[in-house]
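Coordinate analysis (summary)
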Amino acid sequence: MDESELQSAMKLPAGLTNLGNTCYMNATVQCLKTVPEFRDALKQYIRTGTSSGMAGLGMGDAATQITEAMRDLYKAMERGQNFPPLVLLQVLHNAFPRFAERGEQGGYQQQDANECWVELLGMIKQKLMSKPSEGQAAASIVDQYFGLDFETETKCVESEEEPVVKSTEKFLQYSCYIDKEVKYLATGLTNRLQENITKKSPVLDRDAEYVKTLKVSRLPGYFTVQMMRFQYKQKDA
């Protein structure tokens, strides 16, 4: 048996060739491929203004190129053979040059899979839309299946005169910060719903302490949790 026959007999999914520290991208592609609604919508994607999906390699903006490259890669993977994701890697590098950085030996540097996940979905979100129906406009497939909505309240704990600020925030993933106090996922998820932050108070005219409370108003079909172990990432967020 050759490789393709062996994969078919064992019903193994297609693999992606590591093109030199590209496991971060391969893992992201394989993870998203497990979402059937996303995968099926992507396979049906046709660039606006064309009658077919083939509008020319390298044409269009970065979001269009990445969406088409993902679509074509998934179609190629359906044949059940290991496949080198050369086109997707190239358009990813063009859109986000930091992923193309090389080390002293000339090979690609290691990258963060979550950063790739965020950038890919952010691009595909712009192009992959549901079909409009009666009384309902087209909406992003990515928002539909991955988007979280929160109602937030931010209150200054140092001033009773400052009004509470209410707003709505949207995310494609939920960050779970891991420290010595967090031993269970539920604890980390709950902790994220209330945060202590420091920012400039317009009433006190100086930096002050605030408490920000989040309440979930919409959960998606696929709830993505980012496990954050590094304190500098928590501060940046």
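Reading guide: rules and limits
Residues numbered from 1 in each chain as written. Predicted model: local features only at pLDDT ≥ 70, side-chain atom pairs only at ≥ 80, totals over all residues. Heavy atoms only, no water. Helix = DSSP H or I, 4+ residues; strand = E, 2+ residues; numbered from the N terminus. Buried < 20%, exposed > 50% of the residue type's maximum accessible area, 1.4 Å probe, protein only. Contact = heavy atoms within 4.5 Å. Areas by Shrake-Rupley, 256 points an atom, 1.4 Å probe, with all protein chains shown as cover. Patch = residues over 30% accessible without salt bridge, like charges linked within 9 Å, V, L, I, M, F, W, Y side chains within 5 Å. Salt bridge = Lys/Arg side-chain N within 4 Å of Asp/Glu carboxyl O. Phe/Tyr/Trp six-rings, centres within 6.5 Å; stacked < 30°, edge-to-face > 60°. Lys NZ or Arg CZ within 6 Å of the ring centre and 35° of its normal. pLDDT = per-residue confidence, 0-100. Core = buried A, V, L, I, M, F, W, Y, C linked by side-chain atoms within 4.5 Å. Pairing = 2+ DSSP bridges. Axes fitted to C-alpha atoms, helices over the stretch in contact; angles between N-to-C directions. Parallel < 35°, antiparallel > 145°, perpendicular 65-115°, else oblique. Nonpolar A, V, L, I, M, F, W, Y, C, P; charged D, E, K, R; others polar.

**Remarks on the overall build of the protein chain**
Tallying secondary structure elements over the protein chain gives nine helices and six strands in all. For the protein chain, the proportion of its 237 residues judged to be buried stands at 37%. Restricting to contacts in the protein chain with at least 6 residues of sequence separation, those with at least 24 account for 61%. A total accessible area of about 14300 Å² is found for the protein chain, and carbon and sulfur atoms account for 52% of it.

**Some thoughts on a nonpolar patch on the surface**
Where nonpolar side chains cluster on the molecular surface, the patch consists of Val216, Leu219 and Phe223 and spans about 270 Å² of accessible area. Within the element layout of this structure, Leu219 appears in the loop between strand S5 (206-218) and strand S6 (225-228).

**Some details on the packing of aromatic side chains**
Counted by the stated rule, this structure contains eight aromatic pairs. Ring plane angle 80° and centroid distance 6.2 Å describe the contact between Phe96 and Phe99, whose orientation is recorded as edge-to-face. By relative accessible area, Phe96 is classed as buried at 11%. Classification of Phe99 as buried rests on a relative accessible area of 1%. With 5.5 Å between their ring centres and 65° between their planes, Phe150 and Phe171 make a pair best called edge-to-face. Note that Phe150 is positioned in strand S1 (residues 148-156) and Phe171 in strand S2 (residues 165-171), a separation of 21 residues in sequence. In this structure Phe171 comes out as partly exposed when scored by relative accessible area, which is 25%. Lying over the aromatic face of Phe99, Arg98 brings its terminal NZ or CZ to 4.7 Å of the ring centre.

**Observations regarding the confidence of the model for the protein chain**
Taken residue by residue, the protein chain gives an average pLDDT of 88. The fraction at 70 or more is 88%. Averaged pLDDT values for the elements of the protein chain fall to 50 in helix H9 (residues 231-236) and rise to 97 in S1.

**Details of the nonpolar core**
Grouped together as the largest cluster of nonpolar side chains are 37 residues, with contacts concentrated most on Val29, Phe38, Met70, Leu88 and Phe146. Elements represented by at least two residues in this core include exactly helix H2 (23-33), helix H3 (36-43), helix H4 (62-77), helix H5 (86-95), helix H6 (113-127) and helix H7 (141-146). Sort the elements by how many residues they give to this core and H4 lands first, with seven residues. Those residues in contact with Met70 that sit more than four places away from it in its chain are Val29, Leu32, Phe38, Leu42, Leu88 and Ile124. Formed by six residues, the second largest nonpolar core is a distinct cluster that contains Leu148, Phe150, Cys176 and Leu189.

**Some thoughts on the sheet that holds S5**
Spatially, the four strands line up as an open sheet ordered S2-S1-S5-S4, and their pairing is antiparallel. In this open sheet, the two edge strands, each paired with only one partner strand, are S2 and strand S4 (194-201). Averaged over neighbouring strand pairs, the angle between their axes works out to 35° when direction is ignored. The pairing of S1 with S2 spans seven bridges and is antiparallel.

**Details of the packing of H2 against H4**
Each pair of packed helices gets described by two things: the angle between the helix axes and the distance between those axes. Remark: H2 packs on H4, axes separated minimally by 12 Å, with the N-to-C direction vectors making an angle of 75°. Our classification of the angle between H2 and H4 gives roughly perpendicular. Judged by residue contacts, Val29, Gln30, Leu32 and Lys33 of H2 engage Met70, Leu73, Tyr74 and Met77 from H4. A per-class count over the contact of H2 with H4 returns six nonpolar, one polar and one charged.

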